[in-house]
Amino acid sequence: MRMFWPDGCLGALEIDRKSPEFWNKCINEFLRYYTYDPRVATEDEARASIRAHMRDNLRRTLSDDRARADIKIADAKGTTYADHRPLYMKPGVWSRLAEYWVSDEFKKKSIAGKKAREAVKAPHTSGARSFDRRRRDYIEAHNGKLDELAVYKECHTLKDEERKGEWITEEAKLIIERYISICEKKGLDPTKTHIQAWIEAGKAPAAEDDDPDDDANDDESTESDNDHDMSAPYEVVSRGGPVIKG
């Protein structure tokens with residue numbers, strides 16, 4: 001991904017605007033070593049999942065690089081971000097980042113981001129590991145089986161001895177309860193991944209209306225029992241090229 005990173009682009013949004021082909025190049029390179037399972041995802045869905053994973057990795061990479069540079073700057077007084085470019089980072093990319101990280105624009109966004117994180121109703125306890133990584137870990141530990149409910153609980157309950165197993169917030173508990181309820185109403189298996197059900201569960205329930213006729217106007221869900229499980233749409237393959245998982 002760093003090899004294709006266009007000079008002057010700060011992050012994913014700028015890459016989207018200035019170099020939209022960046023993601024396709026990265027995904028094509030990725031698919032030299034990985035492939036998707038057509039039983040659980042179409043090619044477009046798999047590529048979308050890979051793209052989302054790459055965007056998340058890019059964000060974390062920038063955050064980690066800045067944190068490491070901050071430590072070096074603190075140890076070497078008088079130096080700046082420009083003096084601590086990682087060897088794997090292209091000079092044109094790093095110089096733009098170094099300018100941005102000391103700008104008023106970045107400082108304002110950083111403050112806003114901190115406030116937004118503090119306002120999250122259902123923070124997680126997954127640490128640095130993404131939810132997708134937690135799903136894959138669970139699948140590997142349970143003979144290829146995924147239990148979405150177990151993974152969610154692992155990512156949203158406390159780990160210390162005194163409160164182990166307690167939900168991190170009441171909202172985290174309510175979300176999983178809503179998810180189970182939505183799946184049951186639609187005839188879906190809640191242990192599987194149903195993206196639309198998660199989206200609905202994440203929304204606060206609407207206030208009750210005194211007009212009972214409004215219920216009759218609700219749109220019917222288009223989600224079917226055959227929703228794709230997007231928890232692991234690709235797998236490692238040999239360098240010889242992608243093969244379809246059979």
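Before any of the text, the structure's been laid out above.
What you see is a predicted model, and the numbers here were worked out from it, not measured in a lab.

### A short note on the overall build of the protein
Moving on, step 1. In terms of regular secondary structure, the protein is built from nine helices and two strands.
Moving on, step 2. Of all 246 residues assigned to the protein, the portion counted as buried reaches 32%.
Moving on, step 3. Within the protein, residue pairs in contact and separated by at least 24 positions form 61% of the contacts whose partners lie at least 6 positions apart.
Moving on, step 4. On the protein, roughly 15900 Å² of surface is accessible, and the fraction owed to carbon and sulfur atoms is 51%.

### A few points about helix H6 (residues 131-141)
Helical geometry note: an α-helix holds 3.6 residues per turn, so side chains three or four residues apart project in the same direction.
Moving on, step 1. Buried residues of H6: Arg 134, Arg 135, Tyr 138 and Ile 139, and no others. An end-on view of H6 places all buried positions within 135° of arc, on one side of the element. Structural note: H6 exposes Glu 140 and Ala 141 on the side pointing more than 90 degrees away from its buried face.
Moving on, step 2. Where H6 is buried, its residues touch helix H7 (148-156).
Moving on, step 3. Directly beyond the C-terminal end of H6, a positive phi value near 55° is found at Asn 143.

### Remarks on the nonpolar core
Moving on, step 1. Counting residues in each nonpolar core, the largest one holds 25 residues, and the members touching the most others are Trp 5 and Leu 97.
Moving on, step 2. Once residues lying within four places of it in the same chain are set aside, the contact partners of Trp 5 are Leu 10, Ile 15, Phe 22, Leu 58, Leu 62, Met 89, Lys 90 and Val 93.

### Remarks on the packing of H6 against H7
Moving on, step 1. Following both chains from N to C, one finds H6 and H7 inclined at 125°, their axes separated by 10 Å at the closest point. In terms of orientation, H6 and H7 fall into the oblique class. The handedness of the crossing between H6 and H7 comes out as right-handed. Listed contacts from H7 to Phe 131, Arg 134, Arg 135 and Tyr 138 of H6 are Glu 148, Ala 150, Val 151, Glu 154, Cys 155 and His 156.

### Some remarks on the packing of aromatic side chains
Moving on, step 1. Enumeration according to the criterion identifies eight aromatic pairs in this entry.
Moving on, step 2. Between Tyr 100 and Phe 106, the aromatic rings sit 5.4 Å apart at their centres with planes inclined by 70°, giving edge-to-face as the arrangement.
Moving on, step 3. Classification of Tyr 100 by relative accessible area gives buried; the value is 12%.
Moving on, step 4. Members of the aromatic cluster, each reached through a chain of ring pairs, are Tyr 152, Trp 167, Tyr 179 and Trp 198.

### A short note on the packing of helix H8 (residues 170-186) against helix H9 (residues 195-202)
Moving on, step 1. Where H8 meets H9, the closest approach of the two axes is 8 Å, and the angle between their N-to-C directions is 130°. Comparing the axis directions of H8 and H9 gives the class oblique. Here the hand of the crossing between H8 and H9 comes out right-handed. Across the interface between the two elements, Ile 175, Ile 176, Arg 178, Tyr 179, Ile 182, Cys 183 and Lys 186 of H8 pack against Ala 197, Trp 198, Glu 200, Ala 201 and Gly 202 of H9.
Moving on, step 2. Residues belonging to the contact of H8 with H9 are distributed by class as follows: eight nonpolar, one polar and three charged.

### Brief notes about the pattern of salt bridges
Moving on, step 1. Scanning the entire structure with this criterion turns up 15 salt bridges.
Moving on, step 2. Two residues, Lys 109 and Glu 105, come together in a salt bridge whose shortest N-O distance is 3.2 Å. Here Lys 109 pairs with Glu 105, and both are found in helix H5 (residues 104-118), just four residues apart, close to one helical turn.
Moving on, step 3. Since its relative accessible area comes to 48%, Lys 109 is described here as partly exposed.
Moving on, step 4. With a closest N to O distance of 2.8 Å, Lys 186 and Glu 200 form a salt bridge. Residue Lys 186 is located in helix H8, and its partner Glu 200 is located in helix H9; the two are separated by 14 residues in the primary sequence.

### What to know about unusual backbone geometry
Across the chain, the bulk of peptide bonds are trans and the bulk of non-glycine residues have phi less than zero.
Moving on, step 1. Backbone geometry places Asn 143, a non-glycine residue, at a positive phi of 55°.
Moving on, step 2. If you trace the backbone, Asn 143 turns up in the loop between H6 and H7.
Moving on, step 3. For Asn 143, a relative accessible area of 74% corresponds to the exposed category.

Cut-offs used in this document
Residues numbered from 1 in each chain as written. Predicted model: local features only at pLDDT ≥ 70, side-chain atom pairs only at ≥ 80, totals over all residues. Heavy atoms only, no water. Helix = DSSP H or I, 4+ residues; strand = E, 2+ residues; numbered from the N terminus. Buried < 20%, exposed > 50% of the residue type's maximum accessible area, 1.4 Å probe, protein only. Contact = heavy atoms within 4.5 Å. Areas by Shrake-Rupley, 256 points an atom, 1.4 Å probe, with all protein chains shown as cover. Arc of directions from axis to C-beta. Core = buried A, V, L, I, M, F, W, Y, C linked by side-chain atoms within 4.5 Å. Axes fitted to C-alpha atoms, helices over the stretch in contact; angles between N-to-C directions. Parallel < 35°, antiparallel > 145°, perpendicular 65-115°, else oblique. Left-handed = near helix turned anticlockwise from the far one by under 90°. Phe/Tyr/Trp six-rings, centres within 6.5 Å; stacked < 30°, edge-to-face > 60°. Nonpolar A, V, L, I, M, F, W, Y, C, P; charged D, E, K, R; others polar. Salt bridge = Lys/Arg side-chain N within 4 Å of Asp/Glu carboxyl O.

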